[in-house]
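Understanding the architecture of this molecule
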Amino acid sequence: MRTRPLDLVAPALVTALLIGCGGSTPAPTAATASAAPTEAPAGRATQPEFDAAQDEGSASDAKREEAAASAPDAAPAAEAAPPPALPVAAAPVAPSPVSPGPAQSRATKAGAAPGADARVRVTGAAPAPKKAPAPAATAVARPAAPPAAVAVTAPEPQGSETYRDYGVNPVEDPAKDRLSTFAIDVDTAAYAIARRKIMDGALPPYQAVRAEEFLNYFDYGYASPATGPFAVHLAAAPSPFTSGHHLVRVAVQGKRVPVKERTPVHLVYLVDTSGSMQSPDKIELAKKSLKMLTDTLKPGDTVALCTYAGSVREVLAPTGIESKGKILAALADLTAGGSTAMSSGIDLAYSLAERTLVKGHVNRVIVLSDGDANVGPTSHDEILKTIKRARDKGITLSTVGFGQGNYKDLMMEQLANQGDGNYAYIDSEAQARRVFSEQVGGMLQVIARDVKIQVEFDPSFVKSYRLIGYENRDVADRDFRNDKVDAGEIGAGHSVTAIYDVELKATAPKGEAAAPVVVRLRHKAPLGSNTAEETLVKMAPGAVAPTFDAAPADFRFASAVAGFAEVLRHSPHARSWRLADIEKIARAAASSKGDQQEFIGIVRRAGALAHGKTDAVAVNAD
């Protein structure tokens, strides 16, 4: 979906090779630095996990490249000092027991060169093996020790989780830059991860919070398009968080496709069966999830199954859904154990997918894992190159994450992005049912490819604007009409929501032609031509609600979700925002849907945790 270079190499591979050859554990090097908390780059302060606000993210790389092209001799701007702590996190809060760790360093936004200003959170790496004490001197002859093993499987790391902080979008002056361009994103994993941690009694690491994945987790009930693949819904109202500001919502609703009209799909289930998956919330939940998915398939669809641990295994060759009993029996027999050869598993999955590659059908690999990879060629760049080559052939890839403690969110997110697929996180059977049964159409039926959004703010109306989220989906303004630049895809029934924090001018032009915001969407058909089509939608000045309470309920609920994400990720723009106020907004706007009602309780619980309260906090709304 988005192309971004990655610079992380699994350090356990180096350790495993050295231990296996009789060597001692190496001293930390650049290649193994990710096994321990990374140092902040020179000139940047590290940020505590919960009790300090992060500094405002600088302009995105795409924006910086454009600025550099127009002013190559300009001196770099001085780094701003980190802002004070957020009010919500004023009281000390203990770190999550499943992801302990010291202050974390910072990572780059999408598109940064490897090693440049990397913001990566790695906590609690596995301890180095201890040397055995030398035997005491004795006069009694002892038998010779057996020869050292040629190779030893690297232990599964425990107690480490990896996230990347993409920063916070800066405030833009439309008189200098009136265009905001980004790629579609329909991932939802970040919200599910945060929900699990909050319900388990700890606030999520700020690096794990991606605002767009919070927003896109919820179904706001947008109207389907009358024609074409999607409809655009624009709305605006005064901000409930910042006096004098407005929130502008840009929403895209994909068309819904009945199951009987769905294109045939050919799926390859690639299941991580390594030792780190040995728990009910991992391998067993993965098996239940795939059973739900298999139950939704129809005649003409096929399924193949392969696994990876210390080695890879083809469990089931491509099999028609008419033999569903055989597929379910193969799933039921899966067990976990061994180390993790993820890259070799991906190679096998693609070889199975090529057996059923049919032009005009959906061909997709679905990876189910905790994201760990410690055996085999596990360089992110190597794996991503393999995925890109397969994507270019027409085989896409989605990822589904499980578990906690050693979860690798960064790996799972990047695999799905490069594979033009979706990224979801499963923490319960209810969440599995949501992803693999209720909303499965979006995974199985693509309705538009390489979807980009460009929002233009008229400086006659708008004094400043800031996009909330989508920091790692940024596209250079000049690349909006470059059809060679990869972007996101929309599946059947998918909706995408983006919210801008906007400051309007006191006086603005009047007349039917006046439009404070113009939205352009560019997309390719799911099959066939690689030439994109473009859609333009204008917001009329009268579309701005006079008060926040007068705005539609779906707008107000989305505003609460965006506010929640801003507070959790320590956005400098949300220093004065209160979780108690966000809860009130959500309560007044929420529909009767279970996930929206649950959100109210999640916000309440997060507020209690932020003030050191961990007991008797209700999750469900009253």
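Scroll up to find the structure.
A brief look at the structure comes next. (Residues numbered from 1 in each chain as written. Predicted model: local features only at pLDDT ≥ 70, side-chain atom pairs only at ≥ 80, totals over all residues. Heavy atoms only, no water.)

Read across the open sheet, the four strands follow the order β4-β5-β15-β13; overall the sheet is antiparallel. This sheet does not close on itself; its edge strands, each paired only once, are β4 (230-238) and β13 (462-468). The mean inter-strand angle of the sheet, taken between neighbouring strand axes irrespective of direction, is 20 degrees. Sheet topology note: the β4/strand β5 (residues 246-254) ladder contains nine bridges and is antiparallel. In the strand pairing of β5, Ala 235 is matched with Arg 249. (Pairing = 2+ DSSP bridges. Helix = DSSP H or I, 4+ residues; strand = E, 2+ residues; numbered from the N terminus. Axes fitted to C-alpha atoms, helices over the stretch in contact; angles between N-to-C directions.)

Any two packed helices are characterised by the angle at which their axes cross and by the distance between the axes. Orientation of helix α5 (residues 280-295) relative to helix α6 (residues 324-332), taken along the N-to-C sense of each, is 170 degrees, at an axis distance of 10 Å. One way to sum up the angle between α5 and α6 is to call them roughly antiparallel. Along its contact with α5, which presents Lys 287, Leu 290, Lys 291, Thr 294 and Asp 295, the element α6 presents Lys 324, Ile 327, Leu 328, Leu 331 and Ala 332. Looking at side-chain class alone, the contact of α5 with α6 contains five nonpolar, one polar and four charged residues. (Parallel < 35°, antiparallel > 145°, perpendicular 65-115°, else oblique. Contact = heavy atoms within 4.5 Å. Nonpolar A, V, L, I, M, F, W, Y, C, P; charged D, E, K, R; others polar.)

Moving on to the sheet that holds strand β9 (residues 362-369). Taken together, six strands build an open sheet; the order of strands is β8-β7-β6-β9-β10-β11 and the sheet is mixed. Both edges of this open sheet fall to β8 (312-320) and β11 (423-426), since each of them pairs with a single strand only. Averaged over all neighbouring strand pairs, the angle between strand axes comes to 20 degrees, with direction disregarded.

Axis separation between helix α3 (residues 189-199) and helix α14 (residues 594-610) bottoms out at 10 Å; the angle between their running directions is 55 degrees. Relative to α14, the element α3 lies oblique. Crossing handedness for the pair α3 and α14: left-handed. Contacts between α3 and α14 involve Tyr 191, Arg 195, Ile 198 and Met 199 from the former and Glu 598, Phe 599, Ile 602, Arg 605, Ala 606 and Leu 609 from the latter. Among the residues forming the contact of α3 with α14, the class breakdown is seven nonpolar, no polar and three charged. (Left-handed = near helix turned anticlockwise from the far one by under 90°.)

So, about the pattern of salt bridges. Considering all chains together, one arrives at 40 salt bridges under this definition. The shortest N-O distance in the salt bridge between Arg 473 and Asp 185 comes to 2.8 Å. Pair noted here: Arg 473 is in the loop between β13 and β14 (488-491) and Asp 185 is in the loop between β3 (179-183) and α3, with a separation of 288 residues, a long-range link. You can call Asp 185 buried: its relative accessible area is 0%. Among the salt bridges present, the one from Asp 301 reaches Arg 262, with a minimum N-O distance of 2.8 Å. Placement of the pair is Asp 301 in the loop between α5 and β7 (302-308) and Arg 262 in the loop between β5 and β6 (265-272), with a sequence separation of 39 residues. By the burial criterion, Asp 301 is buried, and Arg 262 matches it. (Salt bridge = Lys/Arg side-chain N within 4 Å of Asp/Glu carboxyl O. Buried < 20%, exposed > 50% of the residue type's maximum accessible area, 1.4 Å probe, protein only.)

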